[in-house]
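Descriptive analysis of the structure
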Amino acid sequence: QVQLVESGGGLVQPGGSLRLSCKASGSIFSFRSVGWYRQAPGKEREWVASISNGARTSYADSVKGRFAISIDNAENTLYLQMNSLKPDDTAVYYCNWKTGPYEYWGQGTQVTVSS
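Residues numbered from 1 in each chain as written. Predicted model: local features only at pLDDT ≥ 70, side-chain atom pairs only at ≥ 80, totals over all residues. Heavy atoms only, no water.

This part covers the environment of Gly26. With respect to the element layout, Gly26 can be found in strand S3 (residues 18-26). Measuring from C-alpha to C-alpha, the distance between Gly26 and Asp89 comes to 31 Å, with 63 residues separating the pair along the chain. (Helix = DSSP H or I, 4+ residues; strand = E, 2+ residues; numbered from the N terminus.)

This part covers the pairing of strand S5 (residues 46-52). Relative to S5, strand S4 (residues 31-39) runs antiparallel, the two sharing six bridges. Directly across from Tyr37, in S5, lies its bridge partner Trp47. Connecting the antiparallel pair S4 and S5 is a turn made up of six residues, with Gly42 showing a positive phi of about 75°. Bridge count between S5 and strand S6 (residues 57-59): three bridges; the pairing is antiparallel. Residue Ser50 lies in a different strand from S6, and its bridge partner there is Ser58. (Pairing = 2+ DSSP bridges.)

Let us now look at unusual backbone geometry. One non-glycine residue, Asn76, lies in positive phi territory at about 50°. Tracing the chain through its elements places Asn76 in the loop between strand S7 (67-72) and strand S8 (77-82). Residue Ser84 is not a glycine yet carries a positive backbone phi of 50°. With a relative accessible area of 42%, Ser84 lands in the partly exposed category. (Buried < 20%, exposed > 50% of the residue type's maximum accessible area, 1.4 Å probe, protein only.)

Before going further, it helps to examine the state of the cysteines. The tally for this structure, following the rule as stated, stands at one disulfide. Here Cys22 connects covalently by a disulfide to Cys95, the sulfurs 2.0 Å from one another. Looking along the S-S bond of the Cys22-Cys95 disulfide, the torsion reads about 60°, which is the right-handed sense. Of this pair, Cys22 sits in strand S3 while Cys95 is found in strand S9 (residues 91-99), placing the two residues 73 residues apart along the sequence. For the pair shown, Cys22 and Cys95 are each scored as buried. (Disulfide = S-S within 2.5 Å.)

Dropping the structure here:
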């Protein structure tokens, strides 16, 4: 079993930056994919970015060119660097970690972009 602990959320002005972290612990296997999702109030959870087992990165069109996903394999930590933040980026962000046949979720961290 894998536990995911997220950190790095907060309040930031439009145009600002935040870096989210997601540290995995427990039974870590070679991942099938890892990624980030977000959910705004009253909306469904949406996919933001991911890294495949072959290290391929993918991004939602809404964040392409502004966000960067990365992973520190030595520390089993997933990151999401968010630049040029917009009010529409406001949401609870969740990390997702697929290892073996299982899928795990972080507890969520609030990101608020407002003047």
